[in-house]
Amino acid sequence: PVQSQDRNLTQDVLDLLDTKSPLQSSEDFPSIPQKDIKGALDRLASRSMVEYVAKDTEEAVLSEEAQTILANGSHEFRVWSAVKDAGKILIKDLGNVVGTEAANVGQGNAFKNKWIKKDGDSFIPIKDDVKDTTRDQLREVSETKSLSDAKALKELKKRKLVVLTKVITYTVTKGPKYAKEIPVEVTDLTADMLAGDKWETTNFKPYNFNALGASQDAGALHPLMKVRQEFRTIFFNQGFVEMPTGHFVDSGFWNFDALFVPQQHPARDMQDTFFISDPPKADKPRADPETEAQLDAMEDSSKRLFASSQNTEVKPRDYEKYWKDVQAVHQDGAFSSIGYRYPWSADECLRLVLRTHTTAVSTWVLHRLAENPRPARYFSIDRVFRNETVDATHLAEFHQVEGVIADFGLTLGGLMKFLEDFFAKMGLHDLRFKPAYNPYTEPSMEIFGFHKGLKRWLEIGNSGMFRPEMLEPMGLPKDLRVYGFGLSLERPTMMKYGVDNIRELLGHKSDLKWIREQPAVRLEKE
Ligand code: PHE
């Protein structure tokens, strides 16, 4: 039905143009929505049958209250005419006569206009005849969709009697191929036409390049995965290799102890960490073939990227020594550190956890780097788990973006500069750094960025230089410095897609249709 109606409209435009040119869409088709007009005009314009120019105009439309004023007169007019008809009305009775609203709004204005006055406890008329200007103005608005007196129009708008809306109207003239009807159009080119010369003279239907495609009920990437891909590109462009983050369960050793997180640290509490009960216990750290194969693949790309600063001397890892050194650095102090000095428990270290940060993966990657210490850059973007109360901005499961850089002679200033460049690629400038605390980094800095769209400072990440208490037990040389940083993937995704409740993004409340229809984003675009 829509199509046939549109077809009539196109024909109506052609008919009218035959006798009148130019047409004004708002005057000649007053009851047809401008977007339908545009559809018809585009159809004709693509065939050069008409030409049109669009113009932005403002239309004034009466509110509901204004409609009743137009029908019955303004409140002040109704007050005056009731007083005039009765000759005298008790002030307290006015509401009963004209209605409370008209009485409340109208008596003040009728007074100000000097149409009525007080006489004891009553109103009496002053004028025999008055002009209901408001109603006259509203009549003009209803007939012409505007008002010649601009100041009065503003006043009506302030009184919420009219609403101004923007409309696009069109001025239409005949085009070079104007005809009274759309000629018959052919959609297919046939072998016959090509064999003769018909292809030269046939009237082909033009392509409509403005038509939207039919919606495809296909799979789609989740917005988080789209933003993840943006981050991956930023990392790859700066020579980072991706860490293998495939397993979510790890031992306390890799998630905490190797990172110099003391066993009494609140993060290791049941309140913050999900512990695994089956199997009850992890193996002691060892070379697991599957993990080693993944690390080998990662290191192959890393070595290719850092070919010029290659160290070829390989010193195989000694897991037994590493275990003892981690214990020593916690319990008694080692590597020039006085340690925490508490009785370190192997059982605590072998408890299995859902990893609470992807830094658990950076730990094995750095331990592997100690086989062959050299400059390297690693990143990962994957899930982490925390035993948190779910609310609008927290989930028990989220994604972390993590970057790790190892090199000789790195400084804190270098980390700040790196972070400034990194976040600039996401459109975040003028970073601020706030001293913070992590057991595994010293110094540590929280990173804040000013978001121009939201006009406020946001905490966008955490960072620091890894401590010698973490790096030296791994076997990394003293002069190889490593810094790292982490942020959530959810926060930039929510900012980019204008989501303010994280549960709309993940979990049973998320709307699959919304997820399917979200476009890709570019992080550096504001
Ligand atoms: N692991 C930290 C976090 O969970 C982020 C971080 C990574 C901090 C690396 C410093 C170095 O927030």
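## Let's talk about the overall build of the protein
Now for step 1: Looking only at helices and strands, the protein features 21 helices and 16 strands.
Now for step 2: Computed over C-alpha atoms, the radius of gyration of the protein comes to 38 Å, more than 25% over the 24 Å expected from 2.2 N^0.38 for 526 residues, which places it beyond the range of a compact globule.
Now for step 3: With respect to the principal axes defined by its C-alpha atoms, the protein has extents near 105 × 95 × 45 Å.
Now for step 4: Counting over 526 residues, the protein shows a buried share of 42%.
Now for step 5: Taking the contacts inside the protein whose residues are at least 6 apart along the sequence as the reference set, 71% of them involve residues at least 24 apart.
Now for step 6: Per element, the accessible surface of the protein, about 28,800 Å² overall, is 52% carbon and sulfur.
Now for step 7: For the protein, the centre of its 71 positive side-chain charges and the centre of its 79 negative side-chain charges are spaced 5 Å apart.

## Digging into a nonpolar patch on the surface
Now for step 1: A contiguous nonpolar surface patch, about 390 Å² in accessible area, is contributed by L189, L194, W199 and F204.
Now for step 2: Along the chain, W199 falls in helix α11 (residues 198–201).
Now for step 3: Using a relative accessible area of 41% as the deciding quantity, one classes W199 as partly exposed.

## Some thoughts on the sheet that holds strand β9 (residues 275–276)
Now for step 1: Taking strand neighbours across the sheet as the criterion, the three strands line up as β8-β10-β9 in an open arrangement whose pairing is antiparallel. Both edges of this open sheet fall to β8 (249–251) and β9, since each of them pairs with a single strand only.
Now for step 2: For β8 and strand β10 (residues 352–354), the ladder comprises three bridges, and the chain directions are antiparallel. Within β10, the position partnered with V249 by the bridge is L354.

## Some points on the sheet that holds strand β4 (residues 116–119)
Now for step 1: Pairing in this open sheet of three strands is antiparallel, and the strands run β3-β5-β4 from one edge to the other. The sheet is open, and its two borders are formed by β3 (89–90) and β4, each paired with just one other strand.
Now for step 2: By the bridge criterion, two bridges tie β3 to strand β5 (residues 122–125) in an arrangement that is antiparallel. Across the sheet, L90 pairs through a bridge with S122, a residue of β5.
Now for step 3: The strands that helix α5 (residues 75–86) touches are β3, β4 and β5; relative to β5, the one it contacts most, it runs at about 90 degrees.
Now for step 4: Sheet strands touched by helix α7 (residues 100–112): β4 and β5. Its angle to β4, the strand with the most contacts, is close to 100 degrees.

## Quick notes on the packing of helix α4 (residues 64–72) against helix α8 (residues 133–144)
Now for step 1: In contact at an axis separation of 9 Å, α4 and α8 are set at 115 degrees when each is read in the N-to-C sense. It follows from the interaxial angle that α4 and α8 lie roughly perpendicular. Between α4 and α8 lies a crossing whose hand is left-handed. Counted together, A66, I69, L70, A71 and N72 of α4 and R135, L138, R139 and S142 of α8 form the full contact between these two elements.

## Here we look at the domain arrangement of the protein
Now for step 1: Domains assigned within the protein are domain 1 (2–60 + 154–172), domain 2 (75–131) and domain 3 (223–517).
Now for step 2: Taking the mean C-alpha position of each, domain 2 and domain 3 sit 77 Å from one another.

## Here we look at the packing of aromatic side chains
Now for step 1: Within this structure, the stated rule accounts for 26 aromatic pairs.
Now for step 2: Relative to F240, the ring of F235 lies with its centre 5.0 Å away and its plane at 70 degrees, an arrangement referred to as edge-to-face. F240 matches F235 in its accessibility class, with the two residues each being buried.
Now for step 3: Pairwise contacts between aromatic rings join F231, F235, F236, F240, F379, F418, F422, F423 and F485 into one cluster.
Now for step 4: Taking the ring centre of F275 as reference, the NZ or CZ of R351 above it sits at 3.8 Å.

## Some remarks on the packing of helix α14 (residues 289–305) against helix α17 (residues 359–369)
Now for step 1: Packing of α14 against α17 brings their axes to within 11 Å, and their N-to-C directions diverge by 70 degrees. As far as their axial angle goes, α17 and α14 are roughly perpendicular. The element α14 and its partner α17 pack so that their crossing is right-handed. Contacts between α14 and α17 pair T291, E292, L295, D296, M298 and E299 from the former with W364, V365, R368 and L369 from the latter.

Parameters at a glance
Residues numbered from 1 in each chain as written. Predicted model: local features only at pLDDT ≥ 70, side-chain atom pairs only at ≥ 80, totals over all residues. Heavy atoms only, no water. Helix = DSSP H or I, 4+ residues; strand = E, 2+ residues; numbered from the N terminus. Rg over C-alpha atoms; globule rule 2.2 N^0.38 Å. Buried < 20%, exposed > 50% of the residue type's maximum accessible area, 1.4 Å probe, protein only. Contact = heavy atoms within 4.5 Å. Areas by Shrake-Rupley, 256 points an atom, 1.4 Å probe, with all protein chains shown as cover. Lys, Arg positive; Asp, Glu negative; His and termini not counted. Charge placed at Lys NZ, Arg CZ, Asp CG, Glu CD. Patch = residues over 30% accessible without salt bridge, like charges linked within 9 Å, V, L, I, M, F, W, Y side chains within 5 Å. Salt bridge = Lys/Arg side-chain N within 4 Å of Asp/Glu carboxyl O. Pairing = 2+ DSSP bridges. Axes fitted to C-alpha atoms, helices over the stretch in contact; angles between N-to-C directions. Parallel < 35°, antiparallel > 145°, perpendicular 65-115°, else oblique. Left-handed = near helix turned anticlockwise from the far one by under 90°. Domains from an automatic or database assignment. Phe/Tyr/Trp six-rings, centres within 6.5 Å; stacked < 30°, edge-to-face > 60°. Lys NZ or Arg CZ within 6 Å of the ring centre and 35° of its normal.

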